[in-house]
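Examination of the molecular architecture
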Amino acid sequence: MLALSPPFLSLTVGSSGPRAWGEACSRRAAPRMSLLVTALDLDGVLCDSEPELTQTAWRTACELWPLLMEETAGIEATKATPGQLGARKAWTDGSWDELRGNGKDGLPRWLRAKLRLLRPVVETGFESLLLLRLCAEEALASGPAKRPLTIGEITTNWGPELRDTLLARYEIRQEEAIEAFGSTREAWLDEDEAGWLAANSFYDGALGALRATLAAEGGAKVYIVTTKQAKFASRLLSSQKIDVQDEYIFGLGSGTKADMLFTLRQRHPEATLRFVEDKAETIRSVANDPRLFSLGLYFAEWGYSTPEQAALAASMPRVHILANAEDLATALELDG
């Protein structure tokens, strides 16, 4: 990681505290121009796609490992409470009822709840497939002498090394997992478009800010940078009557988000360029990329964030903390 000294402060929108010295440097490095270009992450910034992600992971797992998922769907018959499967009453209102039984397509409710809490560590959709199998196998192997891994234990250890270990253990290549996950998602969309769209919801405040910007004459140019395949991102946006041309969507296969943003910097060398993201590790990667020191960085706290991720974002240089979805307007205005 790039060593930074002196220490920096982040700026929370609406706060009265001092602006960080690092932010001032960023502004000197990138003087404000008449053109504002804002790159938005999709999932966790504009859209809550976690229910669709988890459902797609379950459907994919049932195709890849049918016997294991059948056993997982019936596991409650052998356990006294969801707690023995790795669930916690704290995930609900203090009752096991919301965690008992299976939902749509046989997906156990305790497993759905656990995967939602694991969503902050997911970078690309196929990783949820690996996490689903990990949680299923942990539950199946649990007993008096062995408990399933907790949310904290998984999130603390999650990263490329554990991901690659699971790929090897499950005897599936990353490319195969991505292909299987994408094919399942596409099949669902083709067979039941209304159901697929309903599994995704949008943050009203963020959507309103985006619509206002796109409707304004001379407003910011907006790009979507996402690890979701571009065709799925486009379909989600069009479902909300937001028309974003293909050249304004950078999706899976376009490189890392840092690479996508560098492409935008090259495309708009004189513009004020900003990036809004809900994953603190991605913000850190971009912040430490010497190609991107002139970018304004915004952390969407309403997305798939944890207190630890919020604290990490707040400790990084140049970062503005957007506390609520309505605050997205700040990143879409030249004077924001």
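Residues numbered from 1 in each chain as written. Predicted model: local features only at pLDDT ≥ 70, side-chain atom pairs only at ≥ 80, totals over all residues. Heavy atoms only, no water.

Some details on the nonpolar core
Counting residues in hydrophobic clusters, the biggest one holds 62 residues, and the most contacted among them are Leu 46, Phe 275, Val 276, Trp 302 and Leu 328. Ignoring sequence-local partners within four residues, the contact set of Leu 46 consists of Leu 40, Asp 41, Ser 201, Phe 202, Tyr 203, Ala 206, Leu 210, Ile 224, Leu 237 and Leu 328. Ala 87, Leu 111, Leu 132 and Ile 172 belong to the second largest nonpolar core, which has 37 residues in total. (Core = buried A, V, L, I, M, F, W, Y, C linked by side-chain atoms within 4.5 Å. Buried < 20%, exposed > 50% of the residue type's maximum accessible area, 1.4 Å probe, protein only. Contact = heavy atoms within 4.5 Å.)

A short note on the environment of Ala 61
By the secondary structure assignment, Ala 61 is in helix α2 (residues 50-64). Among the residues examined, Ala 61 registers a relative accessible area of 0% and is labelled buried. In contact with Ala 61, other than residues within four places in its own chain, are Pro 66, Met 69, Leu 129 and Leu 132. (Helix = DSSP H or I, 4+ residues; strand = E, 2+ residues; numbered from the N terminus.)

Quick word on unusual backbone geometry
With a phi close to 60 degrees, Lys 241 is a non-glycine residue in the positive phi region. Structurally, Lys 241 is set in the loop between α11 (230-239) and β6 (249-250). For Arg 318, which is not glycine, the phi torsion reads 70 degrees and is therefore positive. Structurally, Arg 318 can be placed in the loop between α14 (307-314) and β9 (319-322).

Considering the confidence of the model for the protein
Low pLDDT marks regions whose predicted coordinates should not be analysed in detail. Per-residue confidence for the protein gives a mean pLDDT of 89; residues scoring 70 or more make up 90%. Scored below 50 in pLDDT, residues 1-32 shows 49 contacts in the model against residues more than four places distant or in partner chains. (pLDDT = per-residue confidence, 0-100.)

A short note on the packing of aromatic side chains
Applying the stated criterion across every chain yields a total of four aromatic pairs. Ring geometry for Trp 196 versus Phe 232: centroids 6.1 Å apart, planes at 45 degrees, classification tilted. Taken together, the residues span a long stretch of sequence, with Trp 196 in helix α9 (residues 193-198) and Phe 232 in helix α11 at a distance of 36 residues. Considering the side-chain rings of Tyr 223 and Phe 250, the 6.1 Å spacing of their centres and the 50 degrees angle between planes classify their relative orientation as tilted. (Phe/Tyr/Trp six-rings, centres within 6.5 Å; stacked < 30°, edge-to-face > 60°.)

Notes on the environment of Asp 259
Along the chain, Asp 259 turns up in helix α12 (residues 257-267). Each C-alpha atom of the pair Asp 259 and Asp 289 lies 9.6 Å from the other, and the pair is 30 residues apart in sequence.

Some words on the side chain of Lys 114
By the secondary structure assignment, Lys 114 is in helix α4 (residues 109-118). Buried charge Lys 114 goes without a salt bridge, the closest partner of opposite sign being Glu 138 at 6.6 Å. With sequence-adjacent residues up to four places away left out, Lys 114 is seen in contact with Gly 86, Trp 91, Cys 135, Pro 148, Leu 149, Ile 151 and Ile 154. (Lys, Arg positive; Asp, Glu negative; His and termini not counted. Salt bridge = Lys/Arg side-chain N within 4 Å of Asp/Glu carboxyl O.)

Here's the deal with the packing of α4 against helix α5 (residues 126-140)
Relative orientation of the contacting elements α4 and α5 amounts to 130 degrees, with a least axis distance of 10 Å. Relative to α5, α4 is oriented oblique. Seen along the crossing, α4 lies across α5 with a hand that is right-handed. Here Trp 110, Leu 111, Lys 114, Leu 115 and Leu 118 of α4 lie close against α5, whose contacting residues are Ser 128, Leu 131, Leu 132, Cys 135 and Ala 139. Its residues assigned to classes, the contact of α4 with α5 shows eight nonpolar, one polar and one charged. (Axes fitted to C-alpha atoms, helices over the stretch in contact; angles between N-to-C directions. Parallel < 35°, antiparallel > 145°, perpendicular 65-115°, else oblique. Left-handed = near helix turned anticlockwise from the far one by under 90°. Nonpolar A, V, L, I, M, F, W, Y, C, P; charged D, E, K, R; others polar.)

Digging into helix α3 (residues 66-73)
Those residues of α3 that fall on the buried side of the exposure criterion are Leu 68, Met 69 and Thr 72. Viewed end-on, α3 has its buried residues packed into an arc of 95 degrees, placing them on one side of the element. Counted as exposed and oriented over 90 degrees from the buried face of α3: Leu 67 and Glu 70. In this structure, the buried residues of α3 make contact with α2, α4 and α5. (Arc of directions from axis to C-beta.)

Here we look at the pattern of salt bridges
The final tally for this structure, using the stated rule, is 18 salt bridges. Residue Lys 228 pairs with Asp 43 through a salt bridge whose shortest N-O separation is 3.5 Å. With a gap of 185 residues between them, Lys 228 in the loop between β5 (221-225) and α11 and Asp 43 in the loop between β2 (36-40) and β3 (47-48) connect regions that are remote in the sequence. Judged by relative accessible area, Lys 228 falls into the buried class, the value being 5%. Overall, the relative accessible area of 8% leaves Asp 43 in the buried class. The salt bridge involving Asp 259 is made with Arg 291; its shortest N-O contact spans 3.0 Å. Here Asp 259 is found in helix α12, whereas its partner Arg 291 is found in the loop between α13 (280-287) and β8 (296-300), with 32 residues between them in sequence.

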